Amino acid sequence: MKRVYSAENAFDAQIIRDHLEHQGITATVHGNMLTGAIGELPMDTRPTVWIEDPDLYERARDLIAQFERARPEGEQWICRHCREINEPAFEICWACGRDRET
Ligand SMILES: [Zn+2]
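Note that the structure is a prediction, hence the values are computed from the model and not measured.

1. Focus on the pairing of strand β3 (residues 48-51)
Thinking step 1. Taking every second residue as pointing to the same face, both faces of β3 are buried, with T48 and W50 on one and V49 and I51 on the other.
Thinking step 2. Taken together, the four bridges between strand β1 (residues 2-6) and β3 define a ladder with antiparallel strand orientation. Along β3, the bridge assignment pairs Y5 with V49.

Set out below in structure tokens:
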């Protein structure tokens, strides 16, 4: 196991994990969800993304860098329909499913 990413929040960590898995890299999120409970960073509440195979570290870092460059600009946005706060990466509201622009 090797840590490849330290996320802003659990949501962010999950996006990165999914992205790596889509590329065939087995990854897990540790941190504030307490799923791992590995205790290596007991004071750090930021969720982290770990990969199973340390040999894939360089590739994982590349993928994350690419992903972050491709990430839509901007801040969190508030849905006009239900007032839910959404992450910038999302084009539709996660709560009500309506389009960001409409
Ligand atoms: Zn909404």
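2. Overview of the confidence of the model for the chain
The predicted coordinates ought not to be read in detail in places where the model reports low pLDDT.
Thinking step 1. The predicted model of the chain has a mean per-residue pLDDT of 85, with 85% of residues at 70 or higher.
Thinking step 2. The spread of mean pLDDT over the elements of the chain runs between strand β5 (residues 85-86), the lowest at 88, and β3, the highest at 96.

3. Thoughts on helix α2 (residues 57-70)
Thinking step 1. With 14 residues, α2 should cover 20 Å at 1.5 Å per step; its first-to-last C-alpha distance of 20 Å lies within 8% of that length.
Thinking step 2. Counted residue by residue, α2 has one buried out of 14 residues, so it is predominantly exposed.

Parameters and conventions
Residues numbered from 1 in each chain as written. Predicted model: local features only at pLDDT ≥ 70, side-chain atom pairs only at ≥ 80, totals over all residues. Buried ≥ 20, exposed ≤ 12 C-beta atoms within 10 Å, placed from the backbone. Helix = DSSP H or I, 4+ residues; strand = E, 2+ residues; numbered from the N terminus. Pairing = 2+ DSSP bridges. pLDDT = per-residue confidence, 0-100. Expected span 1.5 Å × (residues − 1).

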